[in-house]
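# Architecture and fold: a report
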Amino acid sequence: MIYREAGQYKTTYDTDTQIFPIAQDRYAMLAILLIAFIVIPFVATPYIFSAILIPFLIFSLAALGLNILTGYAGQISLGTAAFMAVGAFASYNFMLRVPGMPILLAFILGGICAAMVGIAFGLPSLRIRGFYLAASTLATQFFVVWCLTKVPWFTNNSASGVITAQQIEILGFKFDSPQEKYLLVLGIVCVLALLAKNMVRSTVGRSWMAVRDMDVAAEVIGFRVMKTKLTAFAVSSFYCGIAGALFAYCYVGTVEPEAYNLDLSFRILFMVIIGGLGSILGSFFGAAFIVLLPIVLSMIVHVTGLPNSVTSNVELMVFGGLIIFFLIVEPHGLARLWQIGKEKLRLWPFPH
Amino acid sequence: MSDSAQRKIGDVILKADNVSLSFGGVKALTNISFDVREHEIRAIIGPNGAGKSSMLNVINGVYHPQEGTITYRGEQRKDMDTHAAAKSGIARTFQNIALFTGMSVLDNIMTGRNLKIKSTFVEQALWIGRARREEMENRRVVEEIIDFLQLQHVRKTPVARLPYGIKKRVELARALAAEPSMLLLDEPMAGMNVEEKQDMCRFVLDTNDQFGTTIVLIEHDMGVVMDISDRVAVLDYGKKIGDGTPDEVRSNPEVIKAYLGAH
Amino acid sequence: MQFFFEVLIAGLLSGVMYALVALGFVLIFKASGVFNFAQGAMVFFAALTTVGLKEEFGLSLWLAIPITMVVMVLLGIATERIVLRPLVNQHDITLFMATIGLTFFLEGLAQLIWGSNVRRLDLGIQDVPIEFVMDKTGMLISQFDVIAAIICAILVAALAILFNKTKVGRALRAVADDHQAALSVGIPLQHVWAIVWAVAGFVALVAGLLWGSRNGVQFALTFVALKALPVLILGGFTSVPGAIVGGLIIGASEKLAEVYIGPYVGGGIEGWFPYVLALVFLLVRPEGLFGEKIIRRI
Amino acid sequence: AQEQFIPILSYRVGLYASGGSGFFGGAIDYFNLVNANGGINGVKISWEECETEYNATRGVECYERLKKKGGGASLVEPLGTGIAYGILDRLPTDKVPMTTLGYGRSDAANGQVFPYVFPLITSYWNQAAGMIKYLGDKEGGIEKLKGKKIVHLYHDSAYGKEPFPVLEAYEKSIGFQLIKIPVPHPGTEQNSQWLQIRQANPDYVILWGWGVMNAVAIKTAARVGFPREKMLGVWWAGSEEDTIPAGDAAKGYTTMTFNTPGNYPVIDEIRKKVYGAGKGNLSDKDRIGSVYHMRGVTAAMLWIEGIRNAQNKYGKGKVMTGEQIRWGLENINVDEKRQRELGALNMFPTIKTSCQDHEGSGAVKVQVWDGKAWKAVTPNWVTGDRAMVQKMVAESSAKYAAEKKITPACLPG
Amino acid sequence: MSAYLTINNIEVIYDHVILVLKGVSLEVPKGKIVALLGANGAGKSTTLKAISSLLRTERGEVTKGSIEFDGKRTDKLTTNDLVKMGVCQVMEGRHCFGHLTVEENLLTGAYTRRISRAELKADLEKVYHYFPRLKTRRTSQSGYTSGGEQQMTAVGRALMAKPSMILLDEPSMGLAPQIVAEIFEIVKDLNSKEGVSFLLAEQNTNVALKYADYGYILENGRVVMDGAASDLATNEDVKEFYLGVSSGERKSFRDVKSYRRRKRWLA
Ligand SMILES: Nc1ncnc2c1ncn2[C@@H]1O[C@H](COP(=O)(O)OP(=O)(O)OP(=O)(O)O)[C@@H](O)[C@H]1O
Ligand SMILES: Nc1ncnc2c1ncn2[C@@H]1O[C@H](COP(=O)(O)OP(=O)(O)OP(=O)(O)O)[C@@H](O)[C@H]1O
Ligand SMILES: [Mg+2]
Ligand SMILES: [Mg+2]
């Protein structure tokens, strides 16, 4: 009964196209944002900031990026980490080589570089489809990391290819503590998530989904398939690029190209699938799941007192098992589970 | 007929001359000539595998014929290009429903309006000014179509969940959303009962009446075809065996033999 | 020139080893439309189980291998039961994801049972150049490679016959096209999948033994999958002969590229070169060399 | 009741599980031994493990999770470059020292720029220098390397490229020909690299490998008939895990090491007191005293020395803070006498750290695989051109300091 | 007359929340043809899928009621078991195996049968006899055949299973009038000569009622009317809504003016 849309009539199309057409959702979102921006900074510990919240937000952003490409535009990519790497290393070089470069601009430029690389590697998608494309995107993954390792210029000739992110300073304010970095990341993620939501509820988003669902029909209707796919690659890579830069600047600080390896790409793909393909909210759910699950698991298995060699493996098995379990329970991901939950709540206490 | 006079059937706007299309060894179309006049309802009938759908595919550029030419609005060309066809106002529905299964009914119909969108990608991302206005404007048009086709109750349903007949109607709605000047319908009434077919006929006739849309229709229900079309072309395994008004076609012995059977 | 041929042959022979792994992928994809990411983990699991049985229980190799075979069959059946059955008719990517889950599970399980030590596997096949060939031509061709090639050829022939000439093969291809329709005509998806996964387990075992005896049985075996992927896309996901042809092409060209192009660009291009090569092939033939054409019609 | 807490960021699954389980097993075995012997002046050691999977993100999480536990982390040792980089910047704020035994940034030896990082004993640059020294000695003098061909076969990553500056400097100064051949990760296939090597026919091959790449390199060398005696691996290519899978092919293969293979009283004591009491960490007892295990014991021994030092300064029998332990680690002095007391005479080089030198030694040894076990080749500890390496450390760390806007300075005790 | 297939008050829910069938009961007596009529979305396909256990693959479930075939409850049975017992479904929307040739498609239909090559060949010829068009297209991949050809393939494929009970979901869809008549003749043939029972979901009410023995009308997930086919065909409501005949005459499609929803049995 709490969750009722009864009585909420939409009188204009404008209100109907709102991001959260139901009032309860709107209030809940507002509450979450208030908590995230105002309450959490005061109550969370540095551990929560730097080990959970910051990576959670950064991965959410990357997952959001991949979700645009895979979930909305239907192009499976296994090269997400490569685009993140481009974003990070490009931002680093902009900061390094352009005196007085504002950091936010460097992030954006980093994202744009990633977008351009994304477009270049997205070109084959015009002909190649499905898992063929997925496997081919591994070319991106390996090539980009190889390139960053091979060309010393990208890493400022550091002998080992490791870069150290510069200090973050915006308008004279230094973002040093985990708390400050958290707020920065949160701000960026919120803005980008809003933009993404806008995109997917307007024509760009519909063009992506149309191409995903049936590209021949989309073409007949008048969408330009090439342009649509490439925009998806560009936007997705842009998001991933920003996420990669934040990963370097706000999370680890010092990175080598290898940090953006295949493993990371996969991790982000899990987030997207577990969270729900084609759902902005799902990206966040997925990121939370993949970031938190191992932590929670290792804490739980820990109390069993088994030797670590056993617990580590059990953890791995449970992790794999849970992925399968969730897929079986809801193949469309946590976002759909959430939606079904809401629908049930709406019907409650009267079934159907 | 009185209302067809009202509709003022005009000149030929689309003309296919000696079109041939084959896939490997299969000859889908052999030397077909076929024309469509402005504002008319033009039907194509024929047995299964006769090449009806292929003909539509040639008209809007999904298939490219090996021989022959197509003249559309005075412009003669070897083949059409899907995008160009869409731009010049040709919309269509498909035999094997080609809806975007992951999207809601509303979104599906909205995609039909994509060519009307002028706002850029950045404007849409920021959801400001033109983008928002356009969205509202298009939404209004789409809602009208939804009302027209009585799809209100499924507006927000993902199309994958819809029963077959409703899907067909959503497809029509999507095509109408483009405000086409020519509408190609490939078996729009398959899988419907009489009542629903009646509704569908009404939609088609009204579209034709109110907007003057030219309609090319493939349908196996002879009742429907004979009742609503102005001219009927009959294909039989890639060849055209008859063309004319419903009455002419109905009495054409070759057509009876190949398609209608003794009724 | 001599060197060129040496590189070429080495490449072709490496390609055979890749093809061996790729076969497992093809098998499952062709039979159910599932892109089985767990193939690498299965290779690892099979090899580790064999060595584990041998070392921990002191079994002879010839006893350990059949027991592992049984284990792989059971694994196939269990996978069908627990993972695939509830996911019938779901989106490809969901099934793909499920196999990733399976990957983690198998990796954990294998190491939980047998530990994470690196182990040695000796099949008794010498991995040294055949002297006869060496004397005659100066080429280095390992006996091991020759045997691997023969095994691979036998597997390819057997699987090709299975798919194209038998009733079960036809049913398998039907399943890959449409789960629901396959069910509706009475193809017992459960059995079919269990069989396919068991056979894929067998192929994984063969690959695991050969790769394991070359590189040692260790976690890195799961990574041979990465070598098999370009082979797979080049040959076509659905073609058994494609796996072997793809393997040969990839093997030869990556070695030649590394040796002749590598030095000019800083080397280490073998990691991405096969993928780029496969990509180029795909641009010409989007379904790989021998893969089934993807039907796109409206 | 008082316990000194040490977080263990271990990895026991994944690609490098065998190394991780050996190393951290050794460290924990030594903790157990210390505790069995009454702790450090009565202070017992406690620890908690966290699985990093050798993955930077998870490693950072583990570090963050454990750094405040048990009254605060004494020190960390992630045994993985990626994780080390991930937590590098956090150390000064958290005041937790980190040791990186034989890996990580070579320039971190400069304690003025990296006050909280301790690449104890030796770093990659010193190792590379030691390698050239050893190869020179083999030829009968380093200048005899002139005109020789040396292949640097490396893991194509930051790790494999770390020794470039040193090797290139030597290439220039001595005049040998250095051929660099990368192996893409993970290195399960090396036919083309070894064909190239066979073609080049070098005098030596330096194998800068990691994980499966090592065994494959040895095997492939055998396949193309390259003598294993002419291969010189790094210490991460010099464990039983690298040679056993290669079987007979590994016989005669040499690598660097910072432990002298063999048996030591301390290892015996671990066998007796720890494994005897059923507290041993390794499931496979054959691995006691193996290369990785001994490295773990060595690391733990030096940590305890650091803590002991700190106690000597800040109060015996008390639990030390990270800051205090940092001082302790900066003032390690394990000479032969101390080694004998520890039951580890010659198990690792003598080491004396200072603010300028967080390495404390830079000496290495060469070992050879005789088909069953590792044997030391060089009786004495070898060091390369220390002066050259130190100059490079200074330059590189200065660059880092500039990027990070750090003013180099020694921290007060 | 004993019921071969009995559906007892079933309720079907999709995706845990969408209630589609709200208590449907029906019977198919042995050797009879039963038609299931109803508007789009009434739940005809859902009913058939519930019987053949294909519902599970669409995340739907039967939450109440029971289905019995030949005296056995089917809730635990898989589709494969049912095919073996003789229940075979022709799914709506063709569902051919696109990459298999037309002939291979037909052959998969006989998967569960253990028969000799000669028998198989004979059955194949029989299907080709019914659908000569398929014979000419036998070597084409069915993904490339026309809509009607696919529909024939789907029907032919089910015939190859030699079932004793066929669930036909809109068999006439997309077929030329001649073929529709042909299909129903086949239905009649199989029914009278081989005693095959049919449950037929069909929009082409005219033909359906002509060939069926009994009919059910489904609306909104409920059975709103049932009766002998001949009775239904003469019922005024049915005539108006399903046969398009009002006051004794067929109205031209051009002349039906209003497309308001008309009176329904249930709101
Ligand atoms: N997979 C599904 N998930 C959710 N709802 C579904 C699903 N399949 C069908 N439905 C819903 O169930 C209802 C009945 O659908 P069904 O397909 O059984 O209708 P039908 O009578 O066969 O219609 P048609 O004649 O158009 O084929 C419809 O309202 C539809 O929206
Ligand atoms: N893309 C294609 N590749 C190969 N053959 C094709 C292709 N498209 C159509 N055909 C063949 O061309 C012939 C005509 O097909 P088309 O779809 O036009 O028939 P149709 O008249 O629409 O029949 P139906 O009424 O059954 O839909 C058929 O035999 C079909 O198999
Ligand atoms: Mg057609
Ligand atoms: Mg239906």
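Residues numbered from 1 in each chain as written. Chains lettered and ligands numbered in written order. Predicted model: local features only at pLDDT ≥ 70, side-chain atom pairs only at ≥ 80, totals over all residues. Heavy atoms only, no water.

### Quick word on the coordination of the magnesium ion (ligand 3)
Six octahedrally arranged donors around a metal ideally form angles of 90 or 180 degrees; four tetrahedrally arranged donors ideally form angles of 109.5 degrees. Residue and element names in this part refer to chain B. For the magnesium ion (ligand 3), every protein donor is listed as Ser53 (OG) and Gln95 (OE1), and the spread of their distances is 1.9 to 2.1 Å. In this pair, Ser53 is assigned in helix α2 (residues 52-59) and Gln95 in the loop between β6 (90-92) and α4 (105-111), connecting sequence segments 42 residues apart. In this pair, the class of Ser53 matches that of Gln95, namely buried. (Donors = N, O, S within 2.8 Å, 3.2 Å for Na, K, Ca; no water. Helix = DSSP H or I, 4+ residues; strand = E, 2+ residues; numbered from the N terminus. Buried < 20%, exposed > 50% of the residue type's maximum accessible area, 1.4 Å probe, protein only.)

### Description of the side chain of Gln4 of chain D
Residue and element names in this part refer to chain D. Looking at where Gln4 falls in the secondary structure, it is placed in strand β1 (residues 3-10). Note on Gln4: relative accessible area 0%, which makes it buried. Side-chain polar atoms of Gln4 contact the side chain of Ser74, separated by 2.7 Å. At 2.8 Å, the side chain of Gln4 and the backbone nitrogen of Met320 are in polar contact. Contacts of Gln4, omitting those with residues within four sequence positions, involve Val43, Lys44, Ile45, Ser46, Ser74, Ile307, Lys318, Val319, Met320 and Ile325. (Polar contact = N/O pair within 3.5 Å; in protein donor to acceptor, adjacent residues only side chain to side chain. Contact = heavy atoms within 4.5 Å.)

### Regarding the sheet that holds strand β4 (residues 67-72) of chain B
All names here are of chain B. One open sheet holds the 4 strands; their spatial order is β2-β1-β4-β5, and the pairing between them is antiparallel. Whereas interior strands pair on both sides, the edge strands pair on one side only; in this sheet they are β2 (26-37) and β5 (75-77). Within the sheet, the average angular offset between the axes of one strand and its neighbour, ignoring direction, is 15°. With 3 bridges connecting them, β4 and β5 associate as antiparallel partners. The residue bridging Tyr72 from the neighbouring strand is Glu75, located in β5. (Pairing = 2+ DSSP bridges. Axes fitted to C-alpha atoms, helices over the stretch in contact; angles between N-to-C directions.)

### Focus on the state of the cysteines
Throughout the structure, instances matching the rule amount to 2 disulfides over all chains. Disulfide pairing places Cys50 of chain D opposite Cys62 of chain D at an S-S distance of 1.9 Å. Disulfide Cys50 of chain D-Cys62 of chain D: the torsion about the S-S bond is -65°, which places it as left-handed. Of this pair, Cys50 of chain D sits in strand β2 (residues 44-51) while Cys62 of chain D is found in helix α2 (residues 56-66), placing the two residues 12 residues apart along the sequence. On the accessibility criterion, Cys50 of chain D (2% relative accessible area) is buried. Between Cys355 of chain D and Cys410 of chain D runs a disulfide, and the two sulfur atoms are separated by 1.8 Å. The sign of the -95° torsion about the S-S bond sets the Cys355 of chain D-Cys410 of chain D disulfide as left-handed. Of the two residues, Cys355 of chain D is situated in the loop between β11 (351-352) and β12 (365-369) and Cys410 of chain D in the segment after α15 (386-404); the sequence distance between them amounts to 55 residues. Distance from the sulfur of Cys147 of chain A, which forms no disulfide, to the nearest cysteine sulfur (Cys113 of chain A) is 13 Å. (Disulfide = S-S within 2.5 Å.)

### Details of the domain arrangement of chain B
All names here are of chain B. With domains assigned, chain B is organised as domain 1 (1-89 + 180-263) and domain 2 (94-173). Taken over C-alpha atoms, the centre of domain 1 sits 26 Å from the centre of domain 2. The partner domain 2 presents 10 residues to the 16 residues of domain 1 that form the contact. Between domain 1 and domain 2 the total buried area reaches about 1200 Å² when both faces are included, carbon and sulfur atoms providing 69% of it. Summed over the three residues of domain 1 that lose the most area to domain 2, namely Asp186, Met200 and Phe203, the buried surface amounts to 37% of that side. (Domains from an automatic or database assignment. Buried area = accessible area lost by both parts, 1.4 Å probe.)

### What to know about the nonpolar core
Tyr260 of chain A together with Tyr30 of chain D are the most contacted members of the largest nonpolar core, which totals 415 residues. Residue assignment places this core across two domains, with domain 1 (1-89 + 180-263) and domain 2 (94-173) of chain B each supplying three or more. Here Tyr30 of chain D is in contact with Val266, Ile270, Val297, Ala300, Met301, Ile304 and Leu342 of chain D, once residues within four sequence places are set aside. Core analysis: the next-biggest nonpolar cluster, separate from the first, contains 62 residues, Val232 of chain B together with Val102, Leu134 and Leu200 of chain E among them. (Core = buried A, V, L, I, M, F, W, Y, C linked by side-chain atoms within 4.5 Å.)

### Considerations on the interface of chain C and chain A
Listed by partner, the interface residues are 50 residues for chain C and 41 residues for chain A. Interface of chain C and chain A: buried area, both sides summed, is about 4100 Å²; carbon and sulfur atoms make up 82% of it. Linking chain C with chain A are 0 salt bridges, by the criterion used here. Connecting chain C to chain A are 8 residue pairs in polar contact (both at pLDDT 80 or more). Listed by contribution, the elements that provide at least two residues to the side of chain C that touches chain A are α3 (61-84), α4 (92-114), α10 (224-235) and α13 (273-284) of chain C. For the side of chain C that touches chain A, the leading source of residues is α4 of chain C, giving 16 residues. (Salt bridge = Lys/Arg side-chain N within 4 Å of Asp/Glu carboxyl O.)

### Side note on the site of ligand 1
Among the 20 residues in the neighbourhood of ligand 1, the closest are listed as Arg161 of chain B together with Lys44, Ser45, Thr46 and Glu92 of chain E. Tyr164 of chain B is positioned with one of its backbone polar atoms (N or O) 3.0 Å from an oxygen atom of ligand 1. Taking Ser45 of chain E, its side chain carries an N or O atom lying 2.5 Å from an oxygen atom of ligand 1. Considered on its own, ligand 1 offers 640 Å² of accessible surface; in the complex 87% of this is hidden by protein. Taken together, the elements giving at least two residues each to the shell around ligand 1 come down to α7 (164-177) of chain B together with β2 (18-29) and α1 (44-51) of chain E. The greatest single-element share of the shell around ligand 1, amounting to 3 residues, is contributed by α1 of chain E. By residue class, the composition of the shell around ligand 1 is 8 nonpolar, 7 polar and 5 charged. (Near = heavy atom within 4 Å. Areas by Shrake-Rupley, 256 points an atom, 1.4 Å probe, with all protein chains shown as cover. Nonpolar A, V, L, I, M, F, W, Y, C, P; charged D, E, K, R; others polar.)

### Focus on the site of ligand 2
Surveying the vicinity of ligand 2 reveals 22 residues, the closest of which are Ser53 and Ser54 of chain B together with Arg137, Ser146 and Gly148 of chain E. Among the chains of the assembly, those with residues near ligand 2 are chains B, C and E. A distance of 2.6 Å separates an oxygen atom of ligand 2 from a polar atom in the side chain of Ser54 of chain B. Taking Arg133 of chain E, its side chain carries an N or O atom lying 2.9 Å from an oxygen atom of ligand 2. Look at ligand 2: alone it shows 630 Å² of surface, and the protein chains cover 95% of it. Sorting the residues of the shell around ligand 2 by element identifies α2 of chain B together with α6 (147-159) of chain E as the ones contributing at least two each. Taken together, the residues that form the shell around ligand 2 break down as 5 nonpolar, 11 polar and 6 charged.

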